[in-house]
2 protein chains.
Amino acid sequence: MREKRRGMATIQFANPPQIYAWAAVGGKKESQGPLSHAFDMLFPDTMCGEKTWEQAEMHLQKCAIYTAANKCDMPVERLDLLMSGDLLGQCAASGYTARGCKVPYAGLYGACSTMAESLALASCMVDGGFVETVCACASSHFCTAERQYRFPLAYGGQRTPTAQWTTTGAGACILGPAKDGASVRVTHATLGKVQDYGITDANNMGAAMAPAAHDTIRTLLSDTGTHPEDYDGIYTGDLGEVGSRLLCELFERDGIDLTQVHQDCGTMLFDSHQDAHAGASGCGCSASVLCAVLLDELLEGKQKRIVFAGTGALMSPTTVQQGESVPGICHAVVLESGKGTN
Amino acid sequence: MREKRRGMATIQFANPPQIYAWAAVGGKKESQGPLSHAFDMLFPDTMCGEKTWEQAEMHLQKCAIYTAANKCDMPVERLDLLMSGDLLGQCAASGYTARGCKVPYAGLYGACSTMAESLALASCMVDGGFVETVCACASSHFCTAERQYRFPLAYGGQRTPTAQWTTTGAGACILGPAKDGASVRVTHATLGKVQDYGITDANNMGAAMAPAAHDTIRTLLSDTGTHPEDYDGIYTGDLGEVGSRLLCELFERDGIDLTQVHQDCGTMLFDSHQDAHAGASGCGCSASVLCAVLLDELLEGKQKRIVFAGTGALMSPTTVQQGESVPGICHAVVLESGKGTN
């Protein structure tokens, strides 16, 4: 058995799993943003041809999973496992999508950190030898999230300056044991602790999630003996503008300058003229930015090593109505561009 | 790396993880049922002294986790990982409980199969050498579930004969590498596929989940080359009376008699005079029956080997209102009573 180093929260994979293929799917606003060229599929129709927004979100997941699987010539039904989650109550988009895939399914919930959680756990399943191939997936949809967490869309409520705009999109990765040739591999994973600094404003999730991102990234750097400059990028997803500033301030107090390598998926997906206020959010944000841009850059060697740190706000509409504060969580994985065999 | 046998969905653990300790916590109805003597804690007050039912459910989880940890002299903050889930939107009971535990947290969603899902994934994390100790936990609360899935409690809606009664309770297990001495170990895990036979009646979840239980248990038996009579019990949780009959009928069609060893956590928790109709349900049902009764019987040697097959209905209130059918899932683990070293 692999020796677990006592007191280390970060998992170092003995045989770093490879991400064979990935796909990003987006909606209308994503198609108007700066990363639109990098998406595999874009749906100008919010309904994606379905009857409800929830079905549209299921369709986004399905397209991401099948597109990623197709890219590595893997029939979906031959996957050993699907690990996925979303923002809907009872993770409905994922459960119903899994119904169509007809493969073993483990539902996850990490709010907007779900893509990182699924990559971390999927990598454990591969490195532990429990599965040959696994799909990690996450999605969100502006319309399903907005009416669940905030107001009916038709109400036309004003958005606050700190509010983020839920991504309509999904990302999916197919993982398995490393093969020969150019590849992207998951070398480390840090599953994070819930942090709560008492933020009760559900429209300021960036502030609620920044302490969690700080804790997890600091743990990862400490456990691996690395520094921010050892990475081509440390990508959070998705703190937005407010949370990103707070994260860098928290690191500044530790005497660490994160600003040179830090980027946030929530500030990358939309342009400032797109009226998204503090940036993008939702499980689909970091999932689609990862699968549209970051993994391609790693495969092409434009980046050698990055941290992908998914951040989630774990409140529910019910707990917010009850006056509870918003707990944040952050899960991180280290992704490396690799060539050759293990 | 462990050799994965192609086409096998069932994971066989190389070094079966041990369940060091467990705890079951219940509410008022559970305290009046036939298993009341076996619970670690019972709360006659539906609020558990908290201000909301949701906070009460968080308290149930907290009590289960801390009681289980205390039993094996494990300070909760020294756990490497907490894997838990519940029925609430955004798995709120688990996320807020994790906030208080201050350990790495991976949120799961498998509806009423969550305890089996968390045991299966937690065992992978231990056997893979990724963590030393992990807590698997699940909970439900009648009042939080009823007002979320069905009607406000004050409305006093009539319950149908096929309806099940959501358990107010939680179960928690602490797992780690096997040690010397008497123990309960997880030897196999089968993560299930979503099955949907088109049931649209959200008050007949047993019927919706039975095909999933059939598929997963059949897969487990086939992959391990075992037969029902090789087990002291095959425990589903929770099909209730209706789903249990259907499960045995589905196996009868395969020429397999499941009736001699099958029991359902949903029919064990309440007596027929308790007006629970088709039986108990909720993540807390199979979790608390497992931790109140089954694991003790294994440790005492009253049972040598059992299948614990958690069953979940993956619908959400939104998908039910939209006329979607109810997808079922079942995850199973094999638990063995063991003595001596690996």
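Here the structure is a predicted model, which means the values were calculated and not measured. (Residues numbered from 1 in each chain as written. Chains lettered and ligands numbered in written order. Predicted model: local features only at pLDDT ≥ 70, side-chain atom pairs only at ≥ 80, totals over all residues. Heavy atoms only, no water.)

Caption draft 1: View of the overall build of chain A. In terms of helices and strands, chain A carries ten helices and 14 strands. What you see for chain A is a C-alpha radius of gyration of 18 Å, in line with the 20 Å of a compact globule of 342 residues. By principal-axis analysis of the C-alpha atoms, chain A measures approximately 55 × 50 × 35 Å. Residues counted as buried form 66% of the 342 residues belonging to chain A. Here chain A displays about 11400 Å² of accessible surface, and carbon together with sulfur accounts for 47% of that area. (Helix = DSSP H or I, 4+ residues; strand = E, 2+ residues; numbered from the N terminus. Rg over C-alpha atoms; globule rule 2.2 N^0.38 Å. Buried < 20%, exposed > 50% of the residue type's maximum accessible area, 1.4 Å probe, protein only. Areas by Shrake-Rupley, 256 points an atom, 1.4 Å probe, with all protein chains shown as cover.)

Caption draft 2: Representation of the packing of helix α2 (residues 53-71) of chain B against helix α5 (residues 142-149) of chain B in the model. Residue and element names in this part refer to chain B. The N-to-C vectors of α2 and α5 enclose an angle of 135°; their axes lie 8 Å apart at closest approach. Classed by the angle they form, the pair α2 and α5 counts as oblique. Note that α2 runs across α5; the crossing there is left-handed. Here Trp53, Glu54 and Glu57 of α2 come into contact with α5, specifically with Cys143, Thr144 and Arg147. Classifying every residue of the contact of α2 with α5 gives two nonpolar, one polar and three charged. (Axes fitted to C-alpha atoms, helices over the stretch in contact; angles between N-to-C directions. Parallel < 35°, antiparallel > 145°, perpendicular 65-115°, else oblique. Left-handed = near helix turned anticlockwise from the far one by under 90°. Contact = heavy atoms within 4.5 Å. Nonpolar A, V, L, I, M, F, W, Y, C, P; charged D, E, K, R; others polar.)

Caption draft 3: Spatial organisation of the side chain of serine 288 of chain A. Relative to the helices and strands, serine 288 of chain A is located in helix α9 (residues 283-299). Look at serine 288 of chain A and you get buried, because its relative accessible area is 0%.

Caption draft 4: The arrangement of the pattern of salt bridges in detail. A complete count under the given rule lists 18 salt bridges over all chains for this structure. Among the ionic pairs, aspartate 254 of chain A bridges to arginine 218 of chain A, the shortest N-O distance being 3.9 Å. With a gap of 36 residues between them, aspartate 254 of chain A in the loop between α7 (240-253) and β11 (262-264) and arginine 218 of chain A in helix α6 (residues 205-224) connect regions that are remote in the sequence. In this structure, aspartate 40 of chain B engages lysine 71 of chain B in a salt bridge whose closest nitrogen and oxygen atoms are separated by 2.7 Å. (Salt bridge = Lys/Arg side-chain N within 4 Å of Asp/Glu carboxyl O.)

Caption draft 5: Seen up close, the relation of the copies chain A and chain B. Superposing chain A onto chain B takes a rotation of 180° plus a shift of 0.0 Å along the axis, which leaves an RMSD of 0.0 Å. Within this description, the copies of the chain are treated as partners about a two-fold rotation axis. A share of 100% of the interface residues of chain A reappears at the interface of chain B, consistent with the copies meeting face to face through the same patch. (Least-squares fit on C-alpha atoms with pLDDT ≥ 70 in both.)

Caption draft 6: Structural context of the interface of chain A and chain B. With 65 residues of chain A at the interface, the matching set in chain B holds 65 residues. Interface of chain A and chain B: buried area, both sides summed, is about 5200 Å²; carbon and sulfur atoms make up 61% of it. Remark: the boundary between chain A and chain B carries four salt bridges. One salt bridge connects arginine 99 of chain A with glutamate 324 of chain B, and the closest N-O pair in it is separated by 3.5 Å. Counting across the chain A and chain B interface gives 25 residue pairs in polar contact (both at pLDDT 80 or more). (Buried area = accessible area lost by both parts, 1.4 Å probe. Polar contact = N/O pair within 3.5 Å; in protein donor to acceptor, adjacent residues only side chain to side chain.)

Caption draft 7: The arrangement of the packing of aromatic side chains in detail. Following the criterion strictly, the structure yields four aromatic pairs over all chains and no others. Pairing phenylalanine 13 of chain A with phenylalanine 130 of chain B gives two aromatic rings, centres 5.9 Å apart and planes at 65°, and the pair type is edge-to-face. Residue phenylalanine 13 of chain A is located in the loop between β1 (10-12) and β2 (18-26), and its partner phenylalanine 130 of chain B is located in the loop between α4 (114-127) and β6 (134-140); the two belong to separate chains. Comparing phenylalanine 13 of chain A with phenylalanine 130 of chain B shows no difference in burial state: the two are buried. A centroid spacing of 4.0 Å and a plane angle of 5° characterise the contact between phenylalanine 142 of chain B and tryptophan 165 of chain B, whose relative ring orientation is stacked. A residue pair is termed long-range when its members are at least 10 positions apart, and phenylalanine 142 of chain B in helix α5 and tryptophan 165 of chain B in strand β7 (residues 165-166) qualify at 23 residues. (Phe/Tyr/Trp six-rings, centres within 6.5 Å; stacked < 30°, edge-to-face > 60°.)

Caption draft 8: Helix α9 (residues 283-299) of chain B, seen in detail. All names here are of chain B. The terminal C-alpha atoms of α9 lie 23 Å apart, and with 17 residues this matches the ideal 24 Å at 1.5 Å per residue to within 8%. At leucine 290, α9 shows its largest kink, close to 45°. With 14 of its 17 residues buried, α9 lies for the most part within the structure. Directly after α9, the chain includes glycine 301, whose backbone phi takes a positive value near 80°. (Expected span 1.5 Å × (residues − 1). Bend = angle between axes of the 7 residues up to and from the residue.)

Caption draft 9: Structural context of the side chain of glutamine 55 of chain B. One can find glutamine 55 of chain B in helix α2. Within the structure, glutamine 55 of chain B has its side chain in polar contact with the side chain of glutamate 324 of chain A (distance 3.1 Å). In this structure, glutamine 55 of chain B is in contact with Glu324 of chain A together with Glu50 of chain B, ignoring residues within four places of it in sequence.

Caption draft 10: Quick peek at a negative patch on the surface. Side chains of Glu229, Asp230, Glu249, Glu252 and Asp257 of chain A sit close together on the surface and give a patch of like negative charge. Looking at the element boundaries, glutamate 229 of chain A is found in the loop between α6 and β10 (233-237). (Patch = residues over 30% accessible without salt bridge, like charges linked within 9 Å, V, L, I, M, F, W, Y side chains within 5 Å. Lys, Arg positive; Asp, Glu negative; His and termini not counted. Charge placed at Lys NZ, Arg CZ, Asp CG, Glu CD.)

Caption draft 11: Region of interest: the nonpolar core. Counting 244 residues, the largest nonpolar core has Leu335 of chain A together with Leu335 of chain B as its most contacted members. Once residues lying within four places of it in the same chain are set aside, the contact partners of leucine 335 of chain A are Ile19, Val184, Arg185, Val186, Leu290, Leu295, Leu298, Lys304, Arg305, Ile306 and Phe308 of chain A. (Core = buried A, V, L, I, M, F, W, Y, C linked by side-chain atoms within 4.5 Å.)

Caption draft 12: Region of interest: the state of the cysteines. All told, the structure shown has zero disulfides over all chains when counted by the stated rule. Left without a disulfide partner, cysteine 265 of chain A is nearest to the cysteine sulfur of cysteine 285 of chain A, which lies 5.6 Å away. We note that cysteine 72 of chain B lacks a disulfide partner, and the nearest cysteine sulfur, in cysteine 135 of chain B, lies 9.1 Å from it. Residue classification places cysteine 72 of chain B among the partly exposed residues on the basis of a relative accessible area of 21%. (Disulfide = S-S within 2.5 Å.)

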